[in-house]
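# Observations on the model geometry
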Amino acid sequence: SFLRRRTFYSSAYAAVPPLCTMEEALVDAQALAADFFSVVAGGELGPEERIPKLENNVDLYIFLLYAAVMLAINWGIRIVVVQPFARLVGVTQTSKNQKFAQAAMELMTYGR
């Protein structure tokens, strides 16, 4: 019984595709970011569309990397810019300062 379960588990793991390395994901993420900023700066998108790379979880790593960067940027702006601005305009109570920062970040993120 134990031997049969062990064989089942080992065959199940054999079906899982190998993961890509973080270096491969970083190279793809840098290329995607360069293309994005090129288009934002007025350039044109290249002739080839990028085919999703799902087989080795490359796109999963890129998604997680971009999510972490966006989280860091949002919290950085909140702590370095918005909360000091709230204190500057007179919101000194900590809970109201945090609420002001939350509302300001929601306004910047979602618009009006």
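Right above here is the structure, for reference.
Below: a short report on this structure. (Residues numbered from 1 in each chain as written. Predicted model: local features only at pLDDT ≥ 70, side-chain atom pairs only at ≥ 80, totals over all residues. Heavy atoms only, no water.)

Let us look at the overall build of the protein chain. Assigned secondary structure in the protein chain consists of four helices and zero strands. Scored against the burial criterion, the 112 residues of the protein chain give a buried share of 14%. (Helix = DSSP H or I, 4+ residues; strand = E, 2+ residues; numbered from the N terminus. Buried < 20%, exposed > 50% of the residue type's maximum accessible area, 1.4 Å probe, protein only.)

Okay, the nonpolar core next. Formed by C20, A25, A29, V58 and I62, the largest nonpolar core amounts to five residues. Breaking this core down by element, the ones donating at least two residues are α2 (22-40) and α3 (58-88). If we skip the residues at most four places from it in the chain, I62 touches A25, D28, A29, L32 and R50. (Core = buried A, V, L, I, M, F, W, Y, C linked by side-chain atoms within 4.5 Å. Contact = heavy atoms within 4.5 Å.)

Look at helix α4 (residues 94-110): 24 Å from first C-alpha to last across 17 residues, which is about the 24 Å you get at 1.5 Å a residue. Here α4 has its buried residues at N97, A101, A104 and M105. Relative to the axis of α4, the buried residues are bounded by an arc of 100° and lie together on one face. Exposed and facing more than 90 degrees away from the buried side of α4 are K96, K99, L107 and Y110. On its buried face, α4 sits against α3. Phi turns positive, to about 85°, at G111, one or two residues after α4. (Expected span 1.5 Å × (residues − 1). Arc of directions from axis to C-beta.)

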